[in-house]
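# Architecture at a glance
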Amino acid sequence: MNEFLGTTPAIASVRLLLLGAGMTVAVSIAAIALGFAIAAPVCAARLSANRGVHFLGSLYVSFFRGVPLLVQLLIAYYLLPVIGLELPSFIAAVLALGVCTAAYQAENLRGGFLIIPAGQRAAASAFGYGRLQTWRHILLPQALRASAPAVVNEMIAILKASSLISVVGVADLTRISQNIVARNMQPILWYSAAAAIYLAINLVLATAARAAEHRLGRGMATVAL
Amino acid sequence: MSFDLSLLQQYAPDLLSGLRLTIEIWIVGALIAFIVGAALGLLLTFGPPRLRTVVRCYVEFFRGTPLLVQLFLLYYGGPRIGLTLNAMTAGLIGLGLYGGAYFAEIFRAGLSSIPTGQLEAARSFGYTRRDALRHIVLPQALVLMLPPSVNLLVIILKDTAVLSILTIPELTFQVTGMTLETFAFVEPYAALAIGYWLLVELAARLGHAAEHHLSRHMVRAA
């Protein structure tokens, strides 16, 4: 192992840590993407005028925001095999994180829709826009833009939350740092290194968010009323 | 796949003691977080610039890294610098320091949303700085801080589950132990999820009711 990874144990450990960071980033990105795909229909359900559909959407959001992520992960890892769904731990982790972040992302998206004045729908229909056209050209672009900052916050939250997948055996940044500490007994050094990597990724995300917000804000009215 | 309720009955004492511990950890952790957050929030708003930078670093660190890694640093790294804590103390301090960073931001936002003109007006009426903060700024800021504080309290409640990883026998730990003893996964985990769900919903509802009650003077008549 050490020969493959490098000459000294310290360098090998650093490389392992970076591999773990890669896993953390991969799981987080996959979870955010899956979460967005689930969030769209959940948000639509929450906005639906149909009571039953609205209730189901609300139930989804309430449950996945109401149960600790660790418990959701344990359920995905131990309960799914019971109902005959044997998943590799990486897939189970992405699934659990994705389903959970979907609840938060759905609420963010809903917030984006709710700030659009109702008059715009009326105006669109007066201009002869169909329902779908109104969504596609009027509502969706504004809602996505308005909820973009919240999406980055959610990315940061998921990146941090992904440390919990170490518990179900995924070799992420936290798990790798635990393994390294188990071998060389330098907890302060390696847990600090892991913390520094999480912090660095989050700072990059936060900086990118500010830049994106600035860019996205260009088309928005900035005139003081 | 059948649902065996007698299993839960059999483990009821363990589950109830876990639930009690979860609630106790939540209350103590939230209290520490509130005290830490209040002190840091005041420093962030009114402290000298250099101290503000230090506090800002604290807040960024604790909000930018996972709670689990912070707990590992405290619990396993602590003894290396002469800070040997048992799991429970490390868990409570870790949860408190983590939540404190979020509370600090809530305090800062609340305090800085009160116009400085009010503080100046109070000073010119002969209030000392401390009295002006105590009687003019804080009462208003606390009301503004209520909604984010309720959210944070719910987050802290859910994060108590992470403490099970440090082998603290709270609810999640008890249920995990139960699954390992019985090899039954469905009943314990279903009960665990529903238990947290009810607890969180209850906490959120109570919080919103309190919010409503305490901010009723700010609601304008239509």
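## With respect to the overall build of chain B
From N to C terminus, chain B includes 9 helices and 0 strands. Each helix and strand of chain B, placed in order from N terminus to C terminus, yields the pattern α-α-α-α-α-α-α-α-α. Expressed as lengths along the three principal axes of its C-alpha atoms, the size of chain B is roughly 70 × 55 × 25 Å. Out of the 222 residues belonging to chain B, those deemed buried represent 40%. Across chain B, every contact between residues at least 6 apart in sequence was considered, and the portion connecting residues at least 24 apart equals 74%.

## Side note on the overall build of chain A
Scanning chain A for helices and strands turns up 9 helices and 0 strands. Along the chain direction, N to C, the helices and strands of chain A fall in the order α-α-α-α-α-α-α-α-α. Long-range contacts, defined as pairs at least 24 residues apart, comprise 72% of the intrachain contacts of chain A with a sequence gap of at least 6.

## So, the interface of chain A and chain B
Taken together, the contacts link 29 residues of chain A with 28 residues of chain B. Of all the elements in the fold, those that place two or more residues in the side of chain A that touches chain B are α3 (51-66), α4 (69-79), α8 (173-184) and α9 (187-216) of chain A. Each residue belonging to the side of chain A that touches chain B can be placed in one class, and the counts come to 22 nonpolar, 6 polar and 1 charged.

## Quick look at helix α5 (residues 89-114) of chain A
The end-to-end C-alpha distance of α5 of chain A is 38 Å, a good match for the 38 Å that 26 residues give at a rise of 1.5 Å each. When the local axis directions of α5 of chain A are compared, the greatest deviation, roughly 25°, occurs at A102 of chain A.

## Notes on the packing of helix α8 (residues 171-182) of chain B against helix α9 (residues 186-214) of chain B
Residue and element names in this part refer to chain B. Across the interface, α8 lies against α9 with an axial gap of 9 Å and an inter-helix angle of 170°. Relative to α9, the element α8 is oriented roughly antiparallel. Mapping the contact onto sequence places L171, T172, V175, M178 and T179 in α8 and P188, Y189, L192 and G195 in α9. Of the residues belonging to the contact of α8 with α9, the class tally is 6 nonpolar, 3 polar and no charged.

## Quick notes on unusual backbone geometry
All names here are of chain B. Non-glycine residue T167 carries a positive phi angle of around 65°. The residue T167 is located in the loop between α7 (129-159) and α8 in this model. Unusually for a residue other than glycine, F183 sits at a positive phi of about 60°. By the C-beta count within 10 Å, which is 6 here, F183 ends up exposed.

## What to know about the packing of α3 of chain A against α5 of chain A
Residues and elements named next belong to chain A. Between α3 and α5, the shortest axis-to-axis distance is 8 Å and the interhelical angle comes to 120°. On the basis of the axis angle, α3 is oblique to α5. The handedness of the crossing between α3 and α5 comes out as left-handed. In this structure, α3 contributes Y60, V61, F64 and R65 to the contact, and α5 contributes V99, C100, A103, Y104, A106 and E107. Tallied by class, the residues present in the contact of α3 with α5 amount to 8 nonpolar, no polar and 2 charged.

## Let's talk about the environment of L19 of chain A
Along the polypeptide, L19 of chain A turns up in helix α2 (residues 9-47). For the pair formed by L19 of chain A and L173 of chain A, sequence separation is 154 residues and the distance between their alpha carbons is 7.7 Å.

## Focus: the confidence of the model for chain A
When the pLDDT values of chain A are averaged, the result is 88; 93% of them are 70 or greater. Element-level mean pLDDT values for chain A span from 48 in helix α1 (residues 2-5) of chain A up to 94 in α3 of chain A.

## A word on the confidence of the model for chain B
Low-pLDDT portions of the prediction should not be read for the details of their coordinates. On average, chain B scores 91 in pLDDT, and the residues at 70 or more come to 98%. Across the interface, the model reports ipTM at 0.89; the global pTM reads 0.88.

## Here's the deal with the environment of L157 of chain B
All names here are of chain B. Along the polypeptide, L157 turns up in helix α7. Residue classification places L157 among the buried positions, given that 24 C-beta atoms sit within 10 Å. The sequence separation of L157 and A209 amounts to 52 residues, and the corresponding C-alpha distance is 18 Å. Once you skip the residues sitting within four places of it in the chain, L157 turns out to touch W26, L199, V200 and A203.

## Side note on the environment of I106 of chain B
Residues and elements named next belong to chain B. Residue position: I106 is located in helix α5 (residues 87-112). Sequence separation between I106 and G37 is 69 residues; the distance between their C-alpha atoms is 8.1 Å. Those residues in contact with I106 that sit more than four places away from it in its chain are G37, M145, P148, S149 and L152.

What counts and what doesn't
- Residues numbered from 1 in each chain as written.
- Chains lettered and ligands numbered in written order.
- Predicted model: local features only at pLDDT ≥ 70, side-chain atom pairs only at ≥ 80, totals over all residues.
- Helix = DSSP H or I, 4+ residues; strand = E, 2+ residues; numbered from the N terminus.
- Buried ≥ 20, exposed ≤ 12 C-beta atoms within 10 Å, placed from the backbone.
- Contact = placed C-beta atoms within 7 Å.
- Nonpolar A, V, L, I, M, F, W, Y, C, P; charged D, E, K, R; others polar.
- Expected span 1.5 Å × (residues − 1).
- Bend = angle between axes of the 7 residues up to and from the residue.
- Axes fitted to C-alpha atoms, helices over the stretch in contact; angles between N-to-C directions.
- Parallel < 35°, antiparallel > 145°, perpendicular 65-115°, else oblique.
- Left-handed = near helix turned anticlockwise from the far one by under 90°.
- pLDDT = per-residue confidence, 0-100.

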